[in-house]
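The lines below spell out each chain.
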Amino acid sequence: MVAELDQLLLDPTRLAIVSLLTAAEWAEFGFVRDSVGLSDSALSKQVTTLSKNEYVEVRKGYVNKRPRTWLNLTGPGRSALSAHIAALQAIAEKAKADGASHSRG
Amino acid sequence: MTEPTPEEAAAALHAVRQGKDQVARSALGSRRLWIACGLALFAYCVVIDLAPAVGSWLLWPFLLVCLGLSFALRTRTGGALLGRRVAVSNRSLPVGLRWRLLRLVPVLAIGIVGALLIAWLQVPHAAIYYGALAGLYVVFLGPKFQLWLLRRQDEVSGGRA
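Residues numbered from 1 in each chain as written. Chains lettered and ligands numbered in written order. Predicted model: local features only at pLDDT ≥ 70, side-chain atom pairs only at ≥ 80, totals over all residues. Heavy atoms only, no water.

> It is not clear to me how the overall build of chain A should be interpreted in this structure. Could you clarify?
The number of helices and strands found in chain A is four helices and three strands. Reading the secondary structure of chain A in the N-to-C direction produces α-β-α-α-β-β-α. Here chain A holds 105 residues, and 43% of them are scored as buried. The contacts of chain A with a sequence gap of at least 6 include a subset with a gap of at least 24, amounting to 53%. Entry remark: accessible area of chain A is about 5500 Å², with carbon and sulfur atoms responsible for 50%. (Helix = DSSP H or I, 4+ residues; strand = E, 2+ residues; numbered from the N terminus. Buried < 20%, exposed > 50% of the residue type's maximum accessible area, 1.4 Å probe, protein only. Contact = heavy atoms within 4.5 Å. Areas by Shrake-Rupley, 256 points an atom, 1.4 Å probe, with all protein chains shown as cover.)

> Would you take a moment to explain the pattern of salt bridges for this structure?
For side chains bearing opposite charge, pairing can occur when the charged atoms are close. Overall, the coordinates contain five salt bridges over all chains when judged by the stated rule. In this structure, the salt-bridge partner of Arg68(A) is Glu28(A), at a minimum N-O distance of 3.0 Å. Here Arg68(A), found in strand S3 (residues 66–73), pairs with Glu28(A), found in strand S1 (residues 24–28); they are 40 residues apart in sequence, far enough to count as distant. For Arg68(A), a relative accessible area of 23% gives the class partly exposed. Residue Arg85(B) is joined to Asp34(A) by a salt bridge in which the shortest nitrogen-to-oxygen separation is 3.0 Å. With Arg85(B) in the loop between helix H4 (76–81) and strand S1 (86–88) and Asp34(A) in helix H2 (residues 29–36), this residue pair bridges two chains. Under the relative-accessibility criterion, Arg85(B) is labelled partly exposed at 31%. (Salt bridge = Lys/Arg side-chain N within 4 Å of Asp/Glu carboxyl O.)

> Sorry if this is basic, but what is going on with the sheet that holds S1(A) here?
Strand order in the open sheet made by the four strands is S2(A)-S3(A)-S1(A)-S1(B), with antiparallel pairing throughout. Only two strands of the sheet have a single neighbouring strand rather than two, namely strand S2 (56–63) of chain A together with S1 of chain B. For this sheet, the mean inter-axis angle between neighbouring strands, taken without regard to orientation, is 20°. Relative to S3(A), S2(A) runs antiparallel, the two sharing eight bridges. Paired with Tyr62(A) across the strands is Pro67(A), a residue of S3(A). (Pairing = 2+ DSSP bridges. Axes fitted to C-alpha atoms, helices over the stretch in contact; angles between N-to-C directions.)

Right, here's the structure in full:
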């Protein structure tokens, strides 16, 4: 069960970023920054780590001559998050089951 | 690797849920866009009623604009131009056939009931009332219905994390 936990996603900030992106086809850098409550540089650092591990894809472009950055979760990133969530659920459910058996005993 | 405590695991799962919900809420787009769509629908029905000749050739441009808008909202550049900062993923929220059909149910039900009433009562300027009803639906119930649907899809797809 523990083997399924993803080392990279144990960090709460990275988990928050990936959780946002898992529900999105794409999201603007600014949207992720505001939602997670990070500064531009802090988010940039986390995104670099995630993209180096091929969890997140970064695309840059221009809209009305203004630069924009969009982020999206890659296939491996999506799989890693699914496995990580399953492992977290297993931990939470095991604790619940242990608690129930203790209260019965 | 350190295993999270049950409390940490529960907190992480809560964070994942919150992230998904945040995207669902943001995907509704700006309130102004819904109001503009409702007003456009109402204006189109007014034109059909008051100037049927114009209304007949207005249908295709109207449909093309609707299609163009829905396509643009799915693209990064189009979304940015229309003020949408995020697009909901169909992969993470797989929509079953019944949910696709369900999305149409309220629209169809209102449309059928409205059309039957109008035909039965032979109301003058019926298309204007019909347009007002449809416009109000889009402005007030459209965003709420879409949000409810996105959340339901997430539950159906097992995304209760």
